[in-house]
Amino acid sequence: MSCSSCGSGGCSPAGCKDNGHCSTGGCNKLNVYDWLGGMALPPNYKPFDIVEVRFKGSRKEYFRNSNQLEIFTGDLIVVDAESGYDIGHVSLKGELVKLQLKKNGIKEDSVDLPKILRIAKDTDTQKYKDVKAEEPIVLQRARTLALQMKLQMKLSDIEFRGDRKKVTFFYTAEDRVDFRELIKKYADEFKTRIEMRQIGYRQEAARLGGIGSCGRELCCSTWLTDFKIVNVGAARYQNLSLNPLKLQGQCGRLKCCLNFELDTYMESLSDFPKDTEKIRLETQIGPARSIKTDILKKIIWFAYEGGISTDWIPVHVKDVNEYIALNKQGIKPERLGEYDKVGEPEKMKTATEEFEGSLTRMENRGRNNNQKSRNNNRPNSQNRNPNNQVNSGQDKLENNPNKNPNAKPNRPPHRNNNNKPPQGNKPPIKGFQPPQPPKES
């Protein structure tokens, strides 16, 4: 069966349960997993009559099931709307809806909640598909009319109501836009009620969706509901490079994920002294200045001034505070402590050294494999022994200088300078007279 809970229709059938709930959780924006859905209800239990309904994008509203219709998560239903009706999917029902109402500040006994009219029929489903297929065409035409009027605004998305009696245009703009004439043109062009709704750049990215630099779907379009202010100070506290290309998200603003680990960094920074970039420690060897800081490991790297040493010395923040206290008392320590005090190796290899070492190991391994393959491909590998016999273990023991000190090590056979095997008898060279042996008297 197809996944009716997915507004995009892109969920594979393998990820959908029989009740229409997407078990993968990756195709429904801002979805809530109904972990109470598979539990048996107690006898004489009256189900909660308020249902959460999801529409296009991340818009969710709550409706009262006053007719006690038997609906399931993912069903397409027709709900009451102003001067008409709308069509959406059931995203959550049951006791978990109470938590959602409390989160959004809606009272359970509110009389302003609209009602569920009916479960969508075949005609309602077909009309819903036709309206959704018409949205890209209308959006393209609306953008053309806005460009012709030279309005400083950007139409990002469009949403038709289920009965096609109202259409909402979502736009972003830097300043106030006078679109009264534009609404008149839209009404004459599309023959429906027009609503213009301005949204922020983060809300625009949440509606459109996409893949972030981390390789995952955008947080604002999957689970993030409240958009907090992100300052450049969040990147500075985490020692991130102030590169706009890396810190900006698809919305053109600073990434929301900069705030995710900010509390952890602030807690760790509470142990550090102020102005870590300007710390200067006096030692008997000479003064040392701070070069680099690792906030999570609570380590500060120092380097001696005056060319005493080019190595960076990592010092734990506790030792740094002790050195600062000693310097205030006029005491100079002999030298900065080593990093092995906190359980790490004395010298740390940089990433470049480790990379070069791995390349060297790969080259040596390749040479050894080539040498083994050459030795195995030799036709007469046992011709080194003139008798074509393999030495026994006793011979190896006698010839091993480590085990038998009196034994002489075997030397390899003599080879000529050209490293070529000895040649057989060759024909004599013309004009060459070999020396004659002396005659016997």
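The coordinates are above.
Worth saying up front: this structure is predicted, and the values here are computed from it rather than measured. (Residues numbered from 1 in each chain as written. Predicted model: local features only at pLDDT ≥ 70, side-chain atom pairs only at ≥ 80, totals over all residues. Heavy atoms only, no water.)

*Asks:* Break down the nonpolar core for me, with residues and values.
*Replies:* Within soluble globular proteins, side chains that are nonpolar tend to cluster in buried spots. One finds M153, L155, F169, L182, Y186 and M196 to be the most contacted residues of the largest nonpolar core, which totals 22 residues. Among the secondary structure elements, those contributing two or more residues to this core are helix 2 (122–148), strand 6 (154–160), strand 7 (166–172), helix 3 (180–190) and strand 8 (193–198). The dominant element in this core, judged by the number of residues it contributes, is helix 2, at six residues. Beyond its immediate chain neighbours, meaning those up to four positions away, M196 contacts M153, L155, F169, Y171, F179, I183 and Y186. By size, the runner-up hydrophobic cluster in this structure holds 13 residues, among which are A288, Y304, V315 and V320. (Core = buried A, V, L, I, M, F, W, Y, C linked by side-chain atoms within 4.5 Å. Buried < 20%, exposed > 50% of the residue type's maximum accessible area, 1.4 Å probe, protein only. Helix = DSSP H or I, 4+ residues; strand = E, 2+ residues; numbered from the N terminus. Contact = heavy atoms within 4.5 Å.)

*Asks:* Summarise empty space enclosed by the protein; cite the residues concerned and give the values.
*Replies:* Under the defined criterion, the tally for this structure stands at two cavities of 30 Å³ or more. In this model, the second largest cavity occupies a volume close to 40 Å³. F55, K56, R59, D86, I87, G88, Y128, K132, E159, F160 and G162 together form the lining of the second largest cavity. Only strand 4 (84–92), helix 2 and strand 6 provide two or more residues apiece to the lining of the second largest cavity. Element by element, the count of residues in the lining of the second largest cavity is highest for strand 4, at three residues. (1 Å grid on protein atoms, 1.4 Å probe; cavity = no way out; pocket = protein on both sides within 12 Å on 5 of 7 lines; lining within 4 Å. Points joined across faces, edges and corners; volume = space filled by probe spheres on them.)

*Asks:* Explain the sheet that holds strand 11 (residues 299–304) to me, using residue names and the numbers behind them.
*Replies:* The strand order across the open sheet formed by four strands is 9-10-11-12, and the pairing between neighbours is antiparallel. Two strands in the sheet have a free side with no partner beyond their single neighbour: strand 9 (280–281) and strand 12 (313–316). Direction of pairing for strand 10 (residues 288–294) relative to strand 11: antiparallel, over a ladder of six bridges. The residue bridging S290 from the neighbouring strand is F302, located in strand 11. Helix-sheet contacts for helix 8 (residues 317–328) involve strand 9, strand 11 and strand 12, and the interaxial angle to strand 12 is about 90 degrees. (Pairing = 2+ DSSP bridges. Axes fitted to C-alpha atoms, helices over the stretch in contact; angles between N-to-C directions.)

*Asks:* A description of the packing of aromatic side chains should follow, citing residues and the corresponding values.
*Replies:* Here the structure, examined in full by the defined rule, presents six aromatic pairs. With a centroid separation of 6.1 Å and an interplanar angle of 70 degrees, the aromatic rings of F55 and F63 are classed as edge-to-face. With respect to burial, F55 and F63 carry one shared label: buried. Plain terms: the ring middles of Y186 and F190 are 5.7 Å apart, the flat faces sit at 45 degrees to each other, and that makes the pair tilted. Taken as a pair, Y186 and F190 lie in helix 3 at a separation of four residues, close to a single helical turn. Each member of the pair, Y186 as well as F190, is classed as buried. A cation over an aromatic ring shows up here: R207 above the ring of F170, its NZ or CZ 3.8 Å from the ring centre. The side chain of K292 reaches across the aromatic face of W301, ending 5.4 Å from its centre. (Phe/Tyr/Trp six-rings, centres within 6.5 Å; stacked < 30°, edge-to-face > 60°. Lys NZ or Arg CZ within 6 Å of the ring centre and 35° of its normal.)

*Asks:* I'd like a rundown of helix 2, residues and numbers included.
*Replies:* When the terminal C-alpha atoms of helix 2 are compared, their 40 Å separation across 27 residues agrees well with the 39 Å that a helix rising 1.5 Å per residue should span. At E135, helix 2 shows its maximal kink, close to 30 degrees; a proline, P136, follows between one and four residues later. Three or more residues of helix 2 are buried, namely D124, Y128, V131, E135, V138, L139, A142, L145 and A146. Where helix 2 is buried, its residues contact strand 3 (76–81), strand 4, strand 5 (116–119), strand 6, strand 7 and helix 3. Where helix 2 ends, the next residue or the one after it, K150, has phi of about 55 degrees, a positive value. (Expected span 1.5 Å × (residues − 1). Bend = angle between axes of the 7 residues up to and from the residue.)

*Asks:* Tell me about unusual backbone geometry, and name the residues and values.
*Replies:* Phi at Q68 takes a positive value of approximately 55 degrees, unusual for a residue other than glycine. Structurally, Q68 can be placed in the loop between strand 2 (60–64) and strand 3. Owing to a relative accessible area of 52%, Q68 belongs among the exposed residues under this scheme.

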